[in-house]
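If you want the building blocks of each chain, they are given just below.
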Amino acid sequence: MTVMMLSAWEMRTHGQAALRVLGVPFGASERAVEMVVWAHAVQSGAVEFLIDQQEQIRESAGRSFDVLHEDDCVADLDANGQSVFTAGPAAIDLATALASRHGTSLVTVSNVSGTAFAAGLAHLGMTRGFGCKVTGPEGGWLAHPLSGLVEIAHTNTTLIIHCSRHAASIDDEMAGSERIEVDTLLSRAEREGYRTDASAGEVFLDLGHRLWLPTSEHSRAQGSGGDKSLSDFEGSTND
């Protein structure tokens with residue numbers, strides 16, 4: 001595999017631009033790119049996932065959650081095919097909000113792709129002061145404010161987020177697990193670059209460029225025109 005090193009600026013600027021070109025709305029793209037950058041530094045492979053799944057991301061970009069069930073500290077959501085990068089931030093927001101209110105929460109998210117990169121959700125919950133356990137079809141993670149983030153072998157058929165204000169039980173489960181050195185990995189990526197498959201990196205940068213140099217009416221509508229159709233400007237004149 002030929003490798004290229006993407007800079008922090010390229011990851012953030014081209015990352016959000018690439019998501020915008022794929023149809024992800026402004027607010028969602030801002031939060032999604034934070035997850036992408038974190039996951040690519042800490043877990044690796046996030047950029048390659050975006051490129052491999054770009055058509056699915058485009059198809060699901062305008063979709064929202066269906067709330068299948070919500071009762072006190074429990075919620076079941078259907079992400080309708082969204083990736084963890086677009087669906088995950090809202091899901092962890094809900095999980096930590098419910099845990100703030102009830103002391104604990106359990107949020108299940110079905111029909112979501114990219115669960116291999118859900119470690120960032122556990123870490124985000126941890127930074128808000130909660131112990132969090134996140135499991136899905138492609139792995140599981142535990143995070144605790146005092147103990148950090150670890151990977152666990154446990155998996156689930158759907159993405160499940162469990163957050164707790166009283167996280168002693170979660171802390172006990174972390175015993176003997178090797179802590180993921182998140183700060184070290186993030187600092188290394190910022191300093192040395194984000195290691196990326198070269199072919200995926202080129203497509204990633206090209207997608208970002210399209211926001212400023214649109215190649216079609218659709219991409220122009222997603223770019224600096226502010227999601228407006230070209231027809232919105234027909235007949236307009238300058239004073």
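Relevant structure appears above.
Description of the structure in this document. (Residues numbered from 1 in each chain as written. Predicted model: local features only at pLDDT ≥ 70, side-chain atom pairs only at ≥ 80, totals over all residues. Heavy atoms only, no water.)

1. Let's talk about the sheet that holds strand 5 (residues 131-136)
The mixed open sheet is built from eight strands, whose spatial order is 2-3-4-8-5-6-7-9. In the strand order of this sheet, the two ends are held by strand 2 (66-71) and strand 9 (179-180), each with one partner. Sitting on the sheet, helix 6 (residues 119-127) touches strand 5, strand 6 (139-144), strand 7 (148-152) and strand 8 (159-164), and the angle it makes with strand 6 is about 15°. (Pairing = 2+ DSSP bridges. Helix = DSSP H or I, 4+ residues; strand = E, 2+ residues; numbered from the N terminus. Contact = heavy atoms within 4.5 Å. Axes fitted to C-alpha atoms, helices over the stretch in contact; angles between N-to-C directions.)

2. Observations regarding the nonpolar core
Counting residues in each nonpolar core, the largest one holds 65 residues, and the members touching the most others are Val84, Phe85, Leu121, Leu149 and Ile161. The biggest single contributor to this core is helix 2 (residues 26-42), with nine residues. Apart from residues no more than four positions distant in its own chain, phenylalanine 85 is found in contact with Ala32, Met35, Val36, Ala39, Ala46, Phe49, Leu50 and Phe117. (Core = buried A, V, L, I, M, F, W, Y, C linked by side-chain atoms within 4.5 Å. Buried < 20%, exposed > 50% of the residue type's maximum accessible area, 1.4 Å probe, protein only.)

3. As for helix 9 (residues 198-212)
Spacing of three or four residues puts side chains on the same side of an α-helix, whose turn is 3.6 residues. The terminal C-alpha atoms of helix 9 lie 22 Å apart, and with 15 residues this matches the ideal 21 Å at 1.5 Å per residue to within 8%. Within helix 9, burial applies to Ala198, Ala200, Gly201, Phe204, Leu205, Leu207, Gly208 and Leu211. (Expected span 1.5 Å × (residues − 1).)

4. Concerning helix 2
Here helix 2 is 17 residues long and its end C-alpha atoms lie 25 Å apart, about the 24 Å a rise of 1.5 Å per residue gives. What helix 2 keeps buried is the set Ser29, Ala32, Val33, Met35, Val36, Val37, Trp38, Ala39, His40, Ala41 and Val42. Looking one or two residues beyond helix 2, the residue adopting positive phi is serine 44, at roughly 70°.

5. Looking at the side chain of asparagine 80
Positionally, asparagine 80 belongs in the loop between strand 3 (74-78) and helix 5 (84-102). Reaching out from asparagine 80, the side chain makes a polar contact with the backbone oxygen of serine 64 at a distance of 2.8 Å. Those residues within four positions of asparagine 80 in sequence are excluded, and the remaining contacts are Ser60, Arg63, Ser64, Phe65, Asp66, Ser110 and Asn111. (Polar contact = N/O pair within 3.5 Å; in protein donor to acceptor, adjacent residues only side chain to side chain.)

6. Brief notes about the pairing of strand 7
The element strand 7 is largely enclosed, with a buried count of four among its five residues. Pairing of strand 6 with strand 7, which is carried by five bridges, proceeds in the antiparallel orientation. Within strand 7, the residue paired with tryptophan 141 across the bridge is glutamate 151. In textbook terms, the turn of a hairpin is the stretch between consecutive antiparallel strands, and for strand 6 and strand 7 this stretch comprises three residues.

7. Notes on the packing of helix 2 against helix 5
In a packed pair of helices, the relevant descriptors are the angle between the two axes and the axis-to-axis distance. Contact pair helix 2 / helix 5: the axes reach a minimum separation of 8 Å and the direction vectors enclose 105°. By the angle between their directions, the pair helix 2 and helix 5 is classed as roughly perpendicular. Note on element contacts: helix 5 touches helix 2 through Val84, Phe85, Thr86, Gly88, Pro89, Ala90 and Asp93, opposite Arg31, Ala32, Met35, Val36 and Ala39. A class-by-class count of the residues in the contact of helix 2 with helix 5 yields eight nonpolar, two polar and two charged. (Parallel < 35°, antiparallel > 145°, perpendicular 65-115°, else oblique. Nonpolar A, V, L, I, M, F, W, Y, C, P; charged D, E, K, R; others polar.)

8. Brief notes about the pairing of strand 2
Note that strand 2 and strand 3 share five bridges and pair antiparallel. When the sheet's bridge partners are listed, aspartate 71 is paired in strand 3 with valine 74. Connecting strand 2 to the antiparallel partner strand 3 that follows it, the hairpin turn spans two residues, and aspartate 72 within it adopts a positive phi of roughly 55°.

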